[in-house]
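Observations on chain architecture
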Amino acid sequence: MGEPERPLDALNNSRGKRVIIELKNNKQFIGKLKAFDIHINTVLEDAEERVNGEVTRKVGLAFIRGDAIVLISPA
Amino acid sequence: MGEPERPLDALNNSRGKRVIIELKNNKQFIGKLKAFDIHINTVLEDAEERVNGEVTRKVGLAFIRGDAIVLISPA
Amino acid sequence: MGEPERPLDALNNSRGKRVIIELKNNKQFIGKLKAFDIHINTVLEDAEERVNGEVTRKVGLAFIRGDAIVLISPA
Amino acid sequence: MGEPERPLDALNNSRGKRVIIELKNNKQFIGKLKAFDIHINTVLEDAEERVNGEVTRKVGLAFIRGDAIVLISPA
Amino acid sequence: MGEPERPLDALNNSRGKRVIIELKNNKQFIGKLKAFDIHINTVLEDAEERVNGEVTRKVGLAFIRGDAIVLISPA
Amino acid sequence: MGEPERPLDALNNSRGKRVIIELKNNKQFIGKLKAFDIHINTVLEDAEERVNGEVTRKVGLAFIRGDAIVLISPA
Amino acid sequence: MGEPERPLDALNNSRGKRVIIELKNNKQFIGKLKAFDIHINTVLEDAEERVNGEVTRKVGLAFIRGDAIVLISPA
């Protein structure tokens, strides 16, 4: 298996790809993962907000504060 | 692609431009991004508060504590 | 533009002036900004509490713990 | 004006005097400010609890954890 | 007055005595204060839980995580 | 009395014994205390979940994140 | 008994195995534990979301922010 992978390595593999981010306030943002840091502060491009599966808003570029985030997964 | 961009670089590109800030208490503040720091403490100029899309108040200069923030995007 | 301004510089410009502080519990305190620190612990003079725009109490000097604060703006 | 005052200096001026402490859980404690530290952990003497302005309990000495506190002001 | 007392000194004076601990979840635990640390992690001996003034449970030894605590006072 | 005991020493005395852990979400987990660290991250063996005193689930080994914990006591 | 085990060692034993992760928002994610760090930021492979025991969604790879997590146990 080699060295155990670290969570931020896995996140790094999603850089430039579309991801879905779920927030503690139950909103979701979907967009291309442009940047993140160790606090999981995250920037999405071409982002849109979804609530209950419905697109509720286009936000373009979105800076999301890490501590608001629950989960990031491929879109 | 060069070096991976960091979230605060992306935020820096919005300096001097109008942004919308969404808070954990569901309020939004819109104004010109004047300053921010690593805690995402943020200062807006010519800011106004919006609740459910309605302008509810003009606040002029607004210092927003970083940990109250969920998202920052171009207005 | 010279050096980018930092949020606490902007706050420093309000020192000695009347500000409105909004808290996570939805209360507002209005008074003269006497002191603050990097945690945004803040001291107001001649402070009064407002709830839904109504003055509900005069508190004189008020020490407000930074992590209770959402926003500070000129009164 | 000399050096800008720091919030904990202002709090220090209340040492030995009666203060009112408001908590995030909406309770208030009133007593003589005996001690505090940089976390705003605070000790009151001859303290009593008030809920909605009513004295609900005498607690004598009260150690209050700083992160439970919203506001401290002269009683 | 000599040196200003620190909150943890006051707490130390209660070591070995019965105290009441109020939690953020509104429960109370009463017991003999056996140990605490700078996070206010606390250990009570012969502890019992009270809800609305009623003894709801005997827990014997209780380790309470500091960040769950609002207040500690003599029982 | 010798040196004052520290909370984690008390917790260490419960290592290998059955404990009950109460969480901020009001669930309880009961099991043999296998490991803990300074954040109070905790591992139980032969653990079961209880809600309102009823066993709701067997979970075997349980890693519990420290900041979710309110109280640990002997089972 | 040798050296006392640490919680992250126990978690490490689950690496590559299926685990169930319970979140503070009451959702559960089940998948193969691929990576975790000291903040308990965690990555699951072949993950699915469950609410009240029902599979509500397949998410494939899931990065879960540590502070959203209550419990991790073998699936």
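Scroll up for the structure.
Residues numbered from 1 in each chain as written. Chains lettered and ligands numbered in written order. Predicted model: local features only at pLDDT ≥ 70, side-chain atom pairs only at ≥ 80, totals over all residues. Heavy atoms only, no water.

1. Comments concerning the overall build of chain A
Rule in force here: A helix here means a DSSP run of H or I that spans at least four residues, while a strand means a run of E at least two residues long, and both kinds are numbered starting from the N terminus. The globule rule is 2.2 Å times the number of residues to the power 0.38, and the radius of gyration it is compared with is taken over C-alpha atoms. Partly exposed residues are those whose accessible area sits between 20% and 50% of the maximum for their type, while under 20% is buried and over 50% is exposed, using a 1.4 Å probe and protein chains only. Contacts were defined at the residue level, with two residues in contact if any of their heavy atoms lie within 4.5 Å.
The secondary structure content of chain A amounts to 1 helix and 5 strands. Reading the secondary structure of chain A in the N-to-C direction produces α-β-β-β-β-β. By the compact-globule yardstick of 11 Å for 75 residues, chain A fits well, its C-alpha radius of gyration being 12 Å. Overall, the C-alpha framework of chain A stretches about 45 × 20 × 20 Å when taken along its three principal axes. Counting only residues that meet the buried cut, chain A has 51% of its 75 residues in that class. Of the contacts made within chain A by residues no fewer than 6 positions apart, 38% connect residues no fewer than 24 positions apart.

2. Here we look at the relation of the copies chain G and chain A
To keep it simple, the criterion reads: Here the copies are matched by least squares. The fit uses the C-alpha atoms of residues with pLDDT of at least 70 in both.
Once chain G is rotated about the relating axis by 51° and shifted along it by 0.0 Å, it coincides with chain A to within an RMSD of 0.0 Å. By residue overlap, the copies meet through two different surfaces: only 5% of the interface positions of chain G are interface positions in chain A.

3. Description of the pattern of salt bridges
Rule in force here: By convention in these notes, a salt bridge is any Lys or Arg side-chain nitrogen within 4 Å of a carboxyl oxygen on Asp or Glu.
All told, the structure shown has 84 salt bridges over all chains when counted by the stated rule. For E22 of chain A, the salt bridge goes to R57 of chain G, with nearest N and O atoms at 2.0 Å. Note that E22 of chain A is positioned in strand β1 (residues 18-23) and R57 of chain G in strand β4 (residues 54-64), a pairing that runs across two chains. A relative accessible area of 5% places E22 of chain A in the buried class. Looking at R57 of chain G, the relative accessible area reads 22%, which means it is partly exposed. Measuring nitrogen to oxygen at the nearest pair gives 3.3 Å for the salt bridge that ties E22 of chain B to K27 of chain A. With E22 of chain B in strand β1 (residues 18-23) and K27 of chain A in the loop between β1 and β2 (28-36), this pair bridges two chains.

4. Topic: the interface of chain G and chain A
Convention followed: Accessible area, probed at 1.4 Å, shrinks when two parts are joined; the buried area is that loss added up over both. Polar contacts, as counted here, are pairs of nitrogen or oxygen atoms within 3.5 Å of one another; within protein the pair requires one atom able to donate a hydrogen and one able to accept it, and residues that are adjacent in sequence qualify only if both atoms are side-chain atoms. When residues are sorted by character, Ala, Val, Leu, Ile, Met, Phe, Trp, Tyr, Cys and Pro go into the nonpolar class, Asp, Glu, Lys and Arg into the charged class, and all the rest, Gly among them, into the polar class. The rule for pairing is simple: two strands pair if DSSP sees at least two bridges between them.
Taken residue by residue, the interface counts 22 residues in chain G and 21 residues in chain A. Summed over both partners, the interface of chain G with chain A buries about 1700 Å², with 58% contributed by carbon and sulfur atoms. Considering only the surface of chain G that becomes buried against chain A, L61, F63 and R65 of chain G emerge as the three largest contributors, covering 38% of it. If you look at where chain G meets chain A, you find 4 salt bridges. Across the pair E5 of chain A and K34 of chain G runs a salt bridge, and its minimum N-O distance is 3.3 Å. At the junction of chain G with chain A, the criterion picks out 9 residue pairs in polar contact (both at pLDDT 80 or more). Of all the secondary-structure elements, those providing two or more residues to the side of chain G that touches chain A are β2 (28-36), β3 (42-51) and β4 of chain G. Tallying contributions element by element places β4 of chain G first for the side of chain G that touches chain A, with 6 residues. Broken down by class, the residue content of the side of chain G that touches chain A amounts to 11 nonpolar, 3 polar and 8 charged. Summarising the sheet, strand β5 (residues 69-74) of chain A and β4 of chain G pair through 2 bridges and their orientation is antiparallel.

5. Looking at the environment of V51 of chain D
Residue and element names in this part refer to chain D. The topology assignment puts V51 in strand β3 (residues 42-51). V51 sits in the partly exposed class, given a relative accessible area of 28%. As a C-alpha pair, V51 and Q28 span 23 residues in sequence and 6.3 Å in three-dimensional space. Residues in contact with V51, not counting those within four places in the same chain, are K27 and T56.

6. Re unusual backbone geometry
One non-glycine residue, N26 of chain A, lies in positive phi territory at about 75°. As for its position among the elements, N26 of chain A is in the loop between β1 and β2. Positive phi, normally seen in glycine, also occurs at I40 of chain D, with a value near 70°. Inspection of the secondary structure assignment puts I40 of chain D in the loop between β2 (28-36) and β3.

7. Regarding the interface of chain C and chain D
Between chain C and chain D, the residue contacts involve 22 residues of the former and 21 residues of the latter. In terms of surface lost to chain D, no three residues of chain C exceed L61, F63 and R65 of chain C, which account for 38% of the buried area on that side. Along the contact surface separating chain C from chain D lie 4 salt bridges. On the surface where chain C and chain D come into contact, there are 9 residue pairs in polar contact (both at pLDDT 80 or more). Looking at the side of chain C that touches chain D, the element that brings in the most residues is strand β4 (residues 54-64) of chain C, giving 6 residues. A per-class count over the side of chain C that touches chain D returns 11 nonpolar, 3 polar and 8 charged.

8. Examining the relation of the copies chain C and chain D
Placing chain C over chain D gives an RMSD of 0.0 Å and needs a rotation angle of 51°, together with 0.0 Å of translation along the axis. Looking at chain C, a mere 5% of its interface residues are interface residues in chain D too, so the copies touch through different faces.

9. With respect to the environment of R50 of chain G
All names here are of chain G. On the secondary structure map, R50 appears in strand β3. What makes R50 partly exposed here is its relative accessible area of 25%. The sequence separation of R50 and F29 amounts to 21 residues, and the corresponding C-alpha distance is 6.1 Å. Ignoring any residue separated from it by four or fewer positions in sequence, one finds R50 in contact with K27, Q28, I30, V55 and T56.

10. Some points on the arrangement of the chains
A gap remains between chain B and chain G, which never touch, and the nearest two C-alpha atoms on either side lie 14 Å apart. A gap remains between chain D and chain G, which never touch, and the nearest two C-alpha atoms on either side lie 18 Å apart.

11. Thoughts on the side chain of K27 of chain E
One polar contact links K27 of chain E to E49 of chain E, side chain to side chain, over a distance of 3.5 Å. Contacts of K27 of chain E, omitting those with residues within four sequence positions, involve I21, E22, E49, R50 and V51 of chain E together with E22 of chain F.

12. Quick notes on the pairing of strand β5 (residues 69-74) of chain C
All names here are of chain C. Of all 6 residues that make up β5, 5 are buried, and the element is covered over most of its length. Here strand β1 (residues 18-23) pairs with β5 via 5 bridges, running antiparallel. Within β5, the position partnered with V19 by the bridge is P74.

13. Things to note about the side chain of Q28 of chain A
Looking at the secondary structure, you find Q28 of chain A in strand β2. A polar atom in the side chain of Q28 of chain A sits 3.4 Å from the side chain of E22 of chain A.

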